[in-house]
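Overview (structure and organization)
If you want the building blocks of each chain, they are given just below.
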Amino acid sequence: MEQQHPILFKNTLTGQKAPFVPLNPAKVGFYVCGITPYSDSHLGHARAYVVFDVVYRLLRHVYGSEAVTYVRNFTDIADEIIARAAENNEAPMDLANRVIAGFHADMQALSTLPPTLEPRVSDPAVLRGIVAHIQKLLELGYAYVAPNGDVNYRAAKFPTYGQLAGRKLDEQRAGARVAVDEGKESPHDFVLWKANANSATKMVQAFSPLELGATLPGFTALGRPGWHIECSVMSAQTLLAGGLGQGATTFDIHGGGEDLQFPHHSCEIAQTEALTGQPMAQVWLHNAFITVGGTKMSKSLGNFTTIKDVLAKHSPQAVRLWLLQTHYRKPVDYSEAAVTAAEKPARRLQAKLAANGPQAAADAANPHVQAALKALCDDLNTSMALAELNKLVGLDTPEAKAALPVVAALLGFA
Ligand SMILES: [Zn+2]
């Protein structure tokens, strides 16, 4: 498809805004870290997945819908799931499946397009892949078996560990006591395989490395994968499953909330690049938080509002509009009043779209479509693209009528 404006993304890894050039424009790969399904998702998740939905829509518009593979995983084996399931007196996988169904309903309500692939850690092929990846890290000296049976990543062996988040190893002091408790060589090391003997939840969902293909002495303790290794393996596997190319090692884009820069994405990079010697992703995109009165919304702080709670009071279009009014790298402060203020423009837009009716596709030179694309191609300037959409709501020229559904679809309103 004709592209008048190159897409510019600000890459977290470099801190620079630069033209986006896919490794293969016919096979664009886009990976976004998904949820750990143990309770209903909150507005912070809504923001991330609405932002990355617009990235996906933009990539599809520019490269063609068949050319883009969007991967969003589920971390469906996790201590949080096991603990919550025990409280509920149910099987962990029953809880995970129920939360995933609710998450899909939330995502559909918010008009996010389904990803191409949604890999799950519990898939036996993923578990085998995790064990194989850990085994290779052990063989290459990037990992070691701790006295408690855990397998840890030796952070000092990967010289640029933490670079994504602008951290240097010698500045990282947090977790020093943890290292002593868990038999780590260094407080910077992180777990690849958690032996269940030391887990609060003991033998629930314990997997045998031997049964999953491990052959190295010491890598035998029943346990579970660490969180970070899951994404390294799922992204490597989906590079192949997504048809992104035999031997492909690099996603074009890897995204997530800014809290994932460290440790999660920093660990993913260390795990993946230790084996491939290639960048895990060309471009790293991170969205800022939802805040409440200036404080980050999070489950641990208890100041969260679930997507379901918000949708019980507000139209999904208003929620989406409110989320996209702010640039993805700036925080959005949540208040009832802020979402309520988006109801009226959202209703006007829906009414205009209904009155506009079906239109012949706008031609590529349509100035309104071009203006919206120019905004989105400038590191996803959704507020400027929304301003163009809002302008179209007030116009009745043939050009505007033709552009309205196209611009609305780019932003996920049609
Ligand atoms: Zn991840």
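See above for the structure.
It should be emphasised that the depicted structure is a prediction, and the values quoted were computed from it without experimental measurement. (Residues numbered from 1 in each chain as written. Predicted model: local features only at pLDDT ≥ 70, side-chain atom pairs only at ≥ 80, totals over all residues. Heavy atoms only, no water.)

1. Some thoughts on the sheet that holds strand 8 (residues 223–225)
Taken in spatial order, the 4 strands line up as 5-6-7-8 in an open sheet, and their pairing is antiparallel. Each of the sheet's edge strands pairs with one partner strand only, and the pair in question is strand 5 (143–145) and strand 8. Pairwise comparison of adjacent strand axes, ignoring direction, gives a mean angle of 20° for this sheet. When strand 6 (residues 151–153) meets strand 7 (residues 190–195), the two strands line up antiparallel, connected through 3 bridges. (Pairing = 2+ DSSP bridges. Helix = DSSP H or I, 4+ residues; strand = E, 2+ residues; numbered from the N terminus. Axes fitted to C-alpha atoms, helices over the stretch in contact; angles between N-to-C directions.)

2. So, the side chain of N381
In this structure, N381 sits in the loop between helix 12 (367–377) and helix 13 (382–393). Taking the relative accessible area as the measure of exposure, N381 reaches 16% and is therefore buried. Residues in contact with N381, not counting those within four places in the same chain, are H327, A375 and L376. (Buried < 20%, exposed > 50% of the residue type's maximum accessible area, 1.4 Å probe, protein only. Contact = heavy atoms within 4.5 Å.)

3. Here we look at the state of the cysteines
Within this structure, the stated rule accounts for 0 disulfides. C267 takes part in no disulfide bond, and the closest cysteine sulfur to it belongs to C231, at a distance of 11 Å. (Disulfide = S-S within 2.5 Å.)

4. Remarks on the environment of V50
Tracing the backbone through its elements, the reader meets V50 in helix 1 (residues 43–63). Looking at V50, the relative accessible area reads 1%, which means it is buried. Each C-alpha atom, one on V50 and one on N287, is 10 Å from the other, the two residues being 237 residues apart in sequence. With residues near it in sequence (within four places) discarded, V50 still touches L110, T112, R320, L323 and L324.

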